Amino acid sequence: DAKTTQPNSMESNEEEPVHLPCNHSTISGTDYIHWYRQLPSQGPEYVIHGLTSNVNNRMASLAIAEDRKSSTLILHRATLRDAAVYYCILGLDGKLTFGQGTILTVHP
Amino acid sequence: GAGVSQSPSNKVTEKGKDVELRCDPISGHTALYWYRQSLGQGLEFLIYFQGNSAPDKSGLPSDRFSAERTGGSVSTLTIQRTQQEDSAVYLCASSPRDRGYYEQYFGPGTRLTVT
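Residues numbered from 1 in each chain as written. Chains lettered and ligands numbered in written order. Predicted model: local features only at pLDDT ≥ 70, side-chain atom pairs only at ≥ 80, totals over all residues. Heavy atoms only, no water.

Q: Would you take a moment to explain the packing of aromatic side chains for this structure?
A: Scanning the model with the defined rule gives eight aromatic pairs over all chains in all. A centroid spacing of 5.6 Å and a plane angle of 75 degrees characterise the contact between Y36 of chain A and Y46 of chain A, whose relative ring orientation is edge-to-face. Pair noted here: Y36 of chain A is in strand 3 (residues 32–38) and Y46 of chain A is in strand 4 (residues 45–50), with a separation of ten residues, a long-range link. Under the relative-accessibility criterion, Y36 of chain A is labelled buried at 1%. Take Y46 of chain A: its relative accessible area is 16%, and that puts it in the buried class. Between the aromatic rings of Y35 of chain B and F45 of chain B, the centroid separation amounts to 6.0 Å while the plane-to-plane angle is 75 degrees, which identifies the pairing as edge-to-face. Note that Y35 of chain B is positioned in strand 4 (residues 31–37) and F45 of chain B in strand 5 (residues 43–50), a separation of ten residues in sequence. Relative accessible area serves as the criterion here: at 0%, Y35 of chain B is assigned to the buried category. Through pairs of rings, three or more aromatic residues link up here, namely Y36, Y46, Y87 and F98 of chain A together with Y33, Y35, F45, Y48 and F106 of chain B. (Phe/Tyr/Trp six-rings, centres within 6.5 Å; stacked < 30°, edge-to-face > 60°. Helix = DSSP H or I, 4+ residues; strand = E, 2+ residues; numbered from the N terminus. Buried < 20%, exposed > 50% of the residue type's maximum accessible area, 1.4 Å probe, protein only.)

Have a look at this one:
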């Protein structure tokens with residue numbers, strides 16, 4: 001399976017944008033890029049996914065590099081409720097495998 | 001609307017006992033997944049259902065683990081002769097379409113502790 005690399009942790013201030021990077025240099029042409037997040041003591045929550053083009057939804061934006069070897073999840077205005085572990089996952093078949101993810105801390 | 005529900009929320013059992021974990025997916029979702037998450041670890045895929053059939057059981061760690069789904073809805077994960085290494089949070093997710101292209105909605109999980 002193609003592997004992703006994310007920073008262990010990031011910090012942000014409330015109301016500021018957050019850019020969460022993910023490297024996936026061994027991505028295959030058919031792998032979707034998925035982002036999920038997990039708040040403490042809760043199940044994971046879908047954030048966004050994409051294949052080649054940048055994607056926007058009500059939660060976030062996903063910027064995908066032209067060579068697809070990296071992507072960035074963008075939270076436009078961080079809130080305290082966005083503090084969570086963010087997971088970047090590759091896959092075609094929906095069989096999600098989470099690594100360690102990025103712990104996002106949001107300061108008031 | 002109602003999300004994915006799981007029961008029980010917590011289960012403490014003695015080593016060697018059997019346990020059953022239940023998942024109620026979102027109504028109409030045809031795909032259902034079981035995962036487990038051990039303390040400080042990432043998410044581990046266990047099994048995938050499309051309707052009542054399980055085309056992918058590749059993540060089940062041993063033959064002590066089994067799962068079924070009936071009526072294209074409720075699913076039960078059974079662990080026989082539990083071991084301490086089975087202690088984890090067991091998560092269920094459902095998806096409205098065949099896997100890969102639509103988001104998965106997760107339940108709150110069942111925390112299993114084997115003593």
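Q: Just to check I follow, could you spell out the pattern of salt bridges for this structure?
A: When the charged atoms of two side chains lie near each other, side chains of opposite charge can form a pair. Residues and elements named next belong to chain A. Across all of its chains, the model carries six salt bridges over all chains by this definition. With its nearest N and O atoms 2.9 Å apart, the salt bridge here joins E45 to R37. The shortest N-O distance in the salt bridge between D82 and R37 comes to 2.8 Å. Placement of D82 in the loop between strand 7 (70–75) and strand 8 (84–91) and of R37 in strand 3 is noted, with a sequence separation of 45 residues between them. No difference in accessibility class separates D82 from R37, as the two residues are buried. (Salt bridge = Lys/Arg side-chain N within 4 Å of Asp/Glu carboxyl O.)

Q: So what exactly am I meant to see when it comes to the interface of chain A and chain B here?
A: Accessible area lost upon the coming together of the parts is a frequently used measure of interface size. In this assembly, 18 residues from chain A lie in contact with 19 residues from chain B. Between chain A and chain B lies a buried interface of about 1500 Å² when both sides are counted; carbon and sulfur atoms form 50% of it. Run the count over chain A and chain B and you get zero salt bridges. Scanning the region where chain A abuts chain B turns up three residue pairs in polar contact (both at pLDDT 80 or more). Elements represented by at least two residues in the side of chain A that touches chain B include exactly strand 3 and strand 4 of chain A. Among the elements that take part in the side of chain A that touches chain B, strand 3 of chain A stands out by supplying four residues, more than any other. Looking at the side of chain A that touches chain B residue by residue, the class counts come to eight nonpolar, eight polar and two charged. (Contact = heavy atoms within 4.5 Å. Buried area = accessible area lost by both parts, 1.4 Å probe. Polar contact = N/O pair within 3.5 Å; in protein donor to acceptor, adjacent residues only side chain to side chain. Nonpolar A, V, L, I, M, F, W, Y, C, P; charged D, E, K, R; others polar.)

Q: Which parts of the structure should I look at to understand the nonpolar core?
A: Soluble, globular proteins show a tendency: their nonpolar side chains are buried together. Residue and element names in this part refer to chain A. Core analysis: the biggest nonpolar cluster contains 20 residues, and L20, I33, W35, L73, L75, Y86 and L104 have the highest contact counts within it. Of all elements in the fold, only strand 2 (18–23), strand 3, strand 4, strand 6 (61–64), strand 7, strand 8 and strand 9 (102–107) reach the threshold of two or more residues within this core. Take this core: its biggest share by element is four residues, from strand 8. (Core = buried A, V, L, I, M, F, W, Y, C linked by side-chain atoms within 4.5 Å.)

Q: Quick question: what am I supposed to make of the sheet that holds strand 1 (residues 9–13) of chain A here?
A: Backbone hydrogen bonds are what pair the strands of a sheet, in a parallel or an antiparallel way. Residue and element names in this part refer to chain A. With respect to topology, five strands assemble into an open sheet ordered 1-9-8-3-4, the strand pairing being mixed. Sheet topology places strand 1 and strand 4 at the edges, where each strand pairs with a single neighbour. Neighbour to neighbour, the strand axes of the sheet diverge by 25 degrees on average, direction disregarded. (Pairing = 2+ DSSP bridges. Axes fitted to C-alpha atoms, helices over the stretch in contact; angles between N-to-C directions.)

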